[in-house]
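If you want the building blocks of each chain, they are given just below.
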Amino acid sequence: MGCSLAFYLARQGRSVIVIDRGRIGQGATAACAGGIRAQFSTEVNIRMGMEAKRVLSRFTDETGHTADFRQVGYLFLLTTDDERASFAEAVRLQRRLGVDDVVELSPSDARALVPGLETGDLAGATFCPSDGLAGPNEVTYGFANAARRRGAVILEDTPLDAFLTQGDRVTGVVTAHGQIMSDDTVICAGPWSAAVGARLGLALPIAPSRRQVFVSEPFSGIERRNPMTIDFHTSFYFHPEGDGVLFGMSDPSTPPGEDTTVDWSFLERITAVAQRRWPPLLDARVKTAWAGLYEMTPDYQPLIGPLRPGLWVAAGFSGHGFMMAPAIGRWLAGWMVDGAPPNDLAAFAPNRFVTGALQPEHNVV
Ligand SMILES: Cc1cc2nc3c(=O)[nH]c(=O)nc-3n(C[C@H](O)[C@H](O)[C@H](O)COP(=O)(O)OP(=O)(O)OC[C@H]3O[C@@H](n4cnc5c(N)ncnc54)[C@H](O)[C@@H]3O)c2cc1C
């Protein structure tokens, strides 16, 4: 997020400094599964996904770097009639907004797309072939290097220690290596954004939550062109990764917190779901696993916008920040430079939990 915003601000002629307490791209982004989609339930997120696909399709022209964007599609598998009805409504909205290639599928159509899928109990599916996967590392460094070429400075190993203030206004930050004065400061510290905001006494409703990912050795049970496949009811998902398969699932019993140790016993629970939904996975040998942090908000929508004079936030992406960064970086840079958001971003208003104007996202994994 920080590197995308830096790129778009630098492109508009603003002088930008990104600070990171470690290395860029090593936070939540390093754990990311790389999914990019426009199949959301809210208008703002559908537009965001469309914009992300547009930027990533032209990423080399825009930044001079590859995004490794593979449009293999996203396939949602729907078990209950309620799920099918709400995804059907979302498909109608997506098509109305210009996602021309999204369709509802029958269970047997879904089975034809992914060999080995068990679809006997499904109520339906949706598929958007232009959704897909991109490289988190490639996109982060693409934005960062393109921002640097436009004059942005990226300071790594530079933790924020405190904010500088004058009355209510934030005038900069104090880091381990000195002070930086700035007209605008943006908190985009991923799962640690609440901890950063707390240094100013802010209570940002963003909680870190562990998610685990497993990757197999080379595996012939999945084809390179197979879509990102999501069993929406259980949140079990998988997609081709190199010569193998990457898979994961949310665990609702995980308490909020910054623990990123891998719980190998969770693999058994995923395997039990896979046995019912996609049995070929049982023949894959797991090569590696990692855990990263989602940055959860109560309505699964991010916090984007001003917090107080001189201070902004772009965080709380609730597991979708990689695909949101290309659009949000551009929209927020436009807002900061022109003084008005280029799109209706009311759903992301940082104070919405006080005003009660919520537009929750339902297509969350
Ligand atoms: C397992 C997993 C799978 C995911 N899959 C997807 C997916 O398929 N698609 C998708 O769109 N999203 C996915 N996500 C979510 C996505 O990875 C995040 O939403 C996104 O990477 C957030 O980016 P960010 O730049 O906001 O945060 P980060 O990448 O966490 O960057 C924040 C940076 O802030 C720095 N920082 C923190 N505190 C300080 C401080 N005090 N001073 C200075 N710097 C600080 C950190 O070092 C870090 O580099 C997934 C997440 C996980 C964990």
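The model shown is predicted, which means the values in this text are computed figures rather than measured ones.

Enquirer: How should I be thinking about the overall build of the protein in this particular structure?
Expert: A tally of helices and strands in the protein yields 11 helices and 18 strands. For 365 residues, the compact-globule estimate of 2.2 N^0.38 gives 21 Å, and the protein sits close to it at 20 Å. Split into buried and exposed, the 365 residues of the protein put 45% on the buried side. Nonlocal contacts in the protein, meaning residues at least 24 apart in sequence, comprise 72% of its contacts between residues at least 6 apart.

Enquirer: Sorry, what's going on with the nonpolar core here?
Expert: In summary, soluble globular proteins display a tendency toward joint burial of nonpolar side chains. With 104 residues, the main nonpolar core has L5, A6, A147, A314 and I328 as its most contacted residues. In terms of residue count, the dominant contributor to this core is helix α10 (residues 321-338) (nine residues). Counting contributing residues per domain, this core is built from domain 1 (2-31 + 137-196 + 300-349) and domain 2 (71-131 + 208-296), each supplying no fewer than three. When sequence neighbours within four positions are dropped, the list of residues in contact with A6 reads V16, V18, A147 and A152.

Enquirer: Looking at this structure, I do not really get the site of the ligand. What am I missing?
Expert: Residues in close proximity to the ligand total 37 residues, the closest being G27, G35, G190, G292 and G321. Elements represented by at least two residues in the shell around the ligand include exactly α2 (28-31), β12 (207-216), β16 (286-296) and α10. Of the residues assigned to the shell around the ligand, the class counts are 21 nonpolar, 12 polar and four charged. The two domains that each donate at least three residues to the shell around the ligand are domain 1 (2-31 + 137-196 + 300-349) and domain 2 (71-131 + 208-296).

Enquirer: Got a minute to help me understand the domain arrangement of the protein in this structure?
Expert: A common way to state how big an interface is: give the accessible area lost once the parts meet. Partitioning the protein into structural domains gives domain 1 (2-31 + 137-196 + 300-349) and domain 2 (71-131 + 208-296). Of note, the centres of domain 1 and domain 2, computed from C-alpha atoms alone, are 30 Å apart. Contact residues are listed per partner, giving 12 residues for domain 1 and nine residues for domain 2. A total of three residues in the side of domain 1 that touches domain 2 trace back to one element, the largest contributor, which is α2. Across the side of domain 1 that touches domain 2, the residue classes break down as six nonpolar, six polar and no charged.

Enquirer: In this structure, what is going on with the pairing of β12? I would like to understand it.
Expert: For a regular strand, the rule is simple: side chains alternate between the two faces of the sheet. In terms of burial, β12 is a largely internal element, seven of the 10 residues being buried. Relative to β16, β12 runs antiparallel, the two being bridged by 10 bridges. Bridge assignment links R211 to a residue of β16, and that residue is G292.

Enquirer: Looking at this structure, how should I read the environment of S182?
Expert: Mapped onto the elements of the fold, S182 is located in the loop between β10 (178-181) and β11 (185-187). Judged by the 16 C-beta atoms lying within 10 Å of it, S182 is partly exposed. Remark: the alpha-carbon pair of S182 and L164, spanning 18 residues in sequence, is separated by 9.4 Å.

How each quantity is defined
- Residues numbered from 1 in each chain as written.
- Predicted model: local features only at pLDDT ≥ 70, side-chain atom pairs only at ≥ 80, totals over all residues.
- Helix = DSSP H or I, 4+ residues; strand = E, 2+ residues; numbered from the N terminus.
- Rg over C-alpha atoms; globule rule 2.2 N^0.38 Å.
- Buried ≥ 20, exposed ≤ 12 C-beta atoms within 10 Å, placed from the backbone.
- Contact = placed C-beta atoms within 7 Å.
- Core = buried A, V, L, I, M, F, W, Y, C linked by C-beta atoms within 7 Å.
- Domains from an automatic or database assignment.
- Near = placed C-beta within 6 Å.
- Nonpolar A, V, L, I, M, F, W, Y, C, P; charged D, E, K, R; others polar.
- Pairing = 2+ DSSP bridges.

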